[in-house]
Amino acid sequence: NEVLHLSGLKKTYKKGLPGEIRVLDGLDIAVSSGESVALVAPSGAGKSTLLHIAGLLDKPDEGVVEIAGQTASGLDDAGRTALRRRDIGFVYQFHHLLPEFSALENIVLPQLANGTSDRAARSRAMELLGTVGIAPRADHRPAALSGGEQQRVAFCRALANQPRLLLADEPTGNLDPETSEQVFGALMKLVREAGLAALVATHNPELAARMGRTVHLSGGRLI
Ligand code: ADP
Ligand code: ADP
């Protein structure tokens, strides 16, 4: 049950110019539902490029991107956006929550935009907040939450519309080591309970060890 399948990806920046950078060079990976994969790479190795391509935010020069069995290259921009909204949740190092809305509202809004009823959206948001242990903080705005709580809300928002794939770029990179451990645990709990496929970039070997498998990005390929 493959949710993400990338094959033969190639990406070069400044192609044909001095300073040409070959970032991906025939990269392959498959991630199935219920499988979590840690992506480890030194800075500049191409981890953001890979996550952007997997998330249909950027296109490879060559290769095939399949999300939930659908090949992205055959789609126009509207089709790619629809596929992204339906199947992919994103988490970044910074939470990017809307400051004027409560934690709950930040998780409700993307569901309303997706056509979910207000009642169902609130119920799902409360359930997600409960899973990550911050239901009592539902009515607080982001500024009133700790960094760890803010990231937990961002995880809930990423999963609000029940995507099949989670892409995360250093999801606890802004937190102190102890908070990072706990918050990462909350993310893994969400991923497990939802049976998601997850590809999570992290520099932290202890966090990587808590995922199903680790791949290293080196020389434009995964090893
Ligand atoms: P990472 O996320 O692992 O730090 P990136 O994917 O951001 O790596 O970048 C990989 C390499 O490609 C780096 O050398 C970076 O400077 C270069 N790069 C990234 N994006 C662009 C771009 N849009 N144009 C030119 N070079 C880029
Ligand atoms: P990070 O991986 O730390 O989140 P980015 O993906 O934004 O950071 O950028 C990684 C590297 O790619 C940086 O060195 C940045 O300068 C370079 N880079 C990003 N976008 C471009 C671009 N449009 N042109 C040239 N270099 C870029």
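Each remark here, short or long, concerns the structure printed above.
What you see is a predicted model; the values in this text were computed from it and never measured.

Moving on: the site of ligand 1. Close to ligand 1 lie Y13, I21, V23, P42, S43, G44, A45, G46, K47, S48 and T49. G46 places a main-chain nitrogen or oxygen 2.9 Å from an oxygen atom of ligand 1. The separation between an oxygen atom of ligand 1 and a polar side-chain atom of T49 is 2.5 Å. Summarising the interface, the protein chains cover 62% of the accessible area of ligand 1, which totals 560 Å² for the free molecule. When contributions to the shell around ligand 1 are tallied by element, the ones reaching two or more residues are strand 2 (21-32) and helix 1 (47-54). Of the residues contributing to the shell around ligand 1, the split by class is 5 nonpolar, 5 polar and 1 charged.

On to helix 2 (residues 77-87). What sets the pattern is the α-helix's 3.6 residues per turn: residues three or four places apart point alike. Inspection of helix 2 places R80, L83, R84 and D87 among the buried residues, and these make up the whole buried set. Looking down the long axis of helix 2, one finds its buried residues gathered within 100 degrees of arc, a one-sided arrangement. With respect to the buried face of helix 2, the exposed residues turned more than 90 degrees away are A78 and R85. Those residues of helix 2 that are buried are in contact with strand 4 (62-67), strand 5 (70-71), strand 6 (88-91) and strand 7 (165-169).

Among the 8 residues in helix 1, 6 count as buried, and that is most of the element. Turning to helix 1, its buried residues number three or more, namely K47, T49, L50, L51, I53 and A54.

A sheet is described by the order of its strands in space; here 6 strands give the open sequence 6-7-8-3-9-10, paired in mixed fashion. The open sheet has two free edges, formed respectively by strand 6 and strand 10 (221-222), since each of these has just one partner strand. Sheet topology note: the strand 6/strand 7 ladder contains 4 bridges and is parallel. The residue of strand 7 that forms the bridge with I88 is L165. With respect to the sheet, helix 1 is in contact with strand 3 (36-40), strand 6, strand 7, strand 8 (197-201), strand 9 (213-218) and strand 10, its orientation differing from that of strand 7 by roughly 155 degrees.

A few words on the side chain of E149. Examined against the element boundaries, E149 turns out to sit in helix 5 (residues 147-159). The exposure class assigned to E149 is buried, which follows from its relative accessible area of 17%. A distance of 3.2 Å separates a polar atom in the side chain of E149 from a polar atom in the side chain of R137. Leaving out residues up to four positions away in the same chain, E149 has contacts with I134 and R137.

Another aspect to go through is the side chain of T131. Looking at the secondary structure, you find T131 in helix 4 (residues 118-131). Residue classification places T131 among the buried positions, given a relative accessible area of 15%. Leaving out residues up to four positions away in the same chain, T131 has contacts with K189, L190 and E193.

Attention now goes to the sheet that holds strand 2. Taking strand neighbours across the sheet as the criterion, the 4 strands line up as 2-1-4-5 in an open arrangement whose pairing is antiparallel. Every interior strand has two partners, whereas the edge strands, strand 2 and strand 5, have only one. Where strand 1 (residues 2-13) and strand 2 come together, 9 bridges link them in antiparallel fashion. When the sheet's bridge partners are listed, L9 is paired in strand 2 with L27. Along the sheet, helix 1 makes contact with strand 1, strand 2 and strand 4, crossing strand 1 at roughly 130 degrees.

Rules behind the numbers
Per-chain numbering applies: the sequence of each chain, read as written, is numbered from 1 onward. Throughout, the order in which chains and ligands are written sets their labels, letters from A for the former and numbers from 1 for the latter. Only residues with pLDDT of 70 or above have their local features reported here, since the model is predicted, and side-chain atom pairs are shown and tallied only from 80 upward, although totals for entire chains, interfaces and linings are computed over all residues. Heavy atoms throughout the structure, all of them, feed into the side-chain values; hydrogens and water do not. Neighbouring residues are identified by heavy atoms, a residue being near a molecule or strand if any of them is within 4 Å of it. Contacts described as polar in this section are N or O atom pairs within 3.5 Å, which, within protein, must combine one atom able to donate a hydrogen with one able to accept it, while residues neighboring in sequence count only if both atoms come from side chains. Shrake-Rupley sampling with a 1.4 Å probe provides the accessible areas, and residues are treated as covered by the protein chains on show and by no other component. Counting from the N terminus, the helices are the DSSP runs of H or I reaching at least four residues and the strands are the DSSP runs of E reaching at least two. Each residue receives one of three labels: charged for Asp, Glu, Lys and Arg, nonpolar for Ala, Val, Leu, Ile, Met, Phe, Trp, Tyr, Cys and Pro, and polar for the others, Gly being one of them. Remark: exposure states derive from per-residue accessible area (1.4 Å probe, protein chains only) relative to the maximum for the residue type, with buried under 20%, exposed over 50%, and partly exposed in between. Picture the helix axis, draw a direction to every C-beta atom, and the arc is the one those directions span. Whether two residues touch is decided by their heavy atoms; if any such pair falls within 4.5 Å, the residues are in contact. By definition, two strands form a pair when at least two bridges between them are found by DSSP. Interaxial angle, 0 to 180 degrees, is taken between N-to-C directions of lines fitted to C-alpha atoms, where a helix line uses only the stretch in contact.

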